[in-house]
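Chain by chain, the residues:
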Amino acid sequence: RKNGKPSGHMPGLIAAMRVLRELYGGTEATQFGPLALRAIQGVLVERGAARKYINDQCANIKRMFKWAVSMEMLSATVHQALTTVPGLRRGRTKARETKPVLPVPDELVEATLPFMPAIVADMVRVHRLIGCRPTELCMIRPRDIERSTDIWIYRPESHKTEHHGRGRTIFIGPKAQATLGPYLE
């Protein structure tokens, strides 16, 4: 949880819990080991799941067991044993590979701008110019932007990787300033 809201991990954890319950719902957690986790990998491969998805689900299962150990619900040996199961490697499994997600071509973005509400179109323009995360763009507040120099500096109050103890600095150049400026007044 972050700021009282569920983290982005929740849907993945729920999906992992479903497959775990489906295949091993009757098995005690103390009896779930590396062979069972490998069996889950195999079932997901047979179902046609992508390699990255399978690795993510297995990582989520390991994360759940790690949490149970941290709450003293399980012996650490159970989680340690699961960590010995490697993820599926590209080219060494029958699991399918996904195509990379590529950026939307500029021509397509430009063609859609006239059909967007003005504020949304401006958000897209600014987003393309400053390269921040969409949530960071939605959270911009005038007090978070230092405007005393030619290049503005945006420091979001909170951001995706703040738990690493680092700040985040986003530079806003003249083109983005021209679009964003009126909204900051």
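Because the structure is a prediction, the values reported are computed rather than measured.

## What about the nonpolar core?
Step number 1: Of all hydrophobic cores here, the largest spans 22 residues; its most connected members are F32, L37, I40, I54, I61 and F65.
Step number 2: Looking at this core, the elements with two or more residues in it are α1 (10-24), α2 (34-46), α3 (51-70) and α4 (76-82).
Step number 3: Of all the elements, α3 adds the most residues to this core, at six residues.
Step number 4: Ignoring any residue separated from it by four or fewer positions in sequence, one finds I40 in contact with V19, L20, L23, Y24, F32 and I61.

## What about α3?
Step number 1: The end-to-end C-alpha separation of α3 is 28 Å, in line with the 28 Å expected for 20 residues at 1.5 Å each.
Step number 2: Where α3 is concerned, the buried positions are R51, I54, N55, Q57, C58, N60, I61, K62, M64, F65 and A68.
Step number 3: In the core, the buried residues of α3 are packed alongside α1, α2 and α4.
Step number 4: Directly beyond the C-terminal end of α3, a positive phi value near 60° is found at E72.

## Concerning a nonpolar patch on the surface
Step number 1: Residues W67, M71 and M73 make up a contiguous nonpolar surface patch of roughly 370 Å² in combined accessible area.
Step number 2: As for its position among the elements, M73 is in the loop between α3 and α4.
Step number 3: The class for M73 is exposed, based on a relative accessible area of 55%.

## Section: the confidence of the model for the protein
Step number 1: Averaged over every residue, the pLDDT of the protein is 91; the share at 70 or more is 96%.
Step number 2: The secondary structure element of the protein with the lowest average pLDDT is helix α7 (residues 134-138), at 88, and the one with the highest is α2, at 97.

What counts, and at which threshold
Residues numbered from 1 in each chain as written. Predicted model: local features only at pLDDT ≥ 70, side-chain atom pairs only at ≥ 80, totals over all residues. Heavy atoms only, no water. Core = buried A, V, L, I, M, F, W, Y, C linked by side-chain atoms within 4.5 Å. Buried < 20%, exposed > 50% of the residue type's maximum accessible area, 1.4 Å probe, protein only. Helix = DSSP H or I, 4+ residues; strand = E, 2+ residues; numbered from the N terminus. Contact = heavy atoms within 4.5 Å. Expected span 1.5 Å × (residues − 1). Patch = residues over 30% accessible without salt bridge, like charges linked within 9 Å, V, L, I, M, F, W, Y side chains within 5 Å. Areas by Shrake-Rupley, 256 points an atom, 1.4 Å probe, with all protein chains shown as cover. Salt bridge = Lys/Arg side-chain N within 4 Å of Asp/Glu carboxyl O. pLDDT = per-residue confidence, 0-100.

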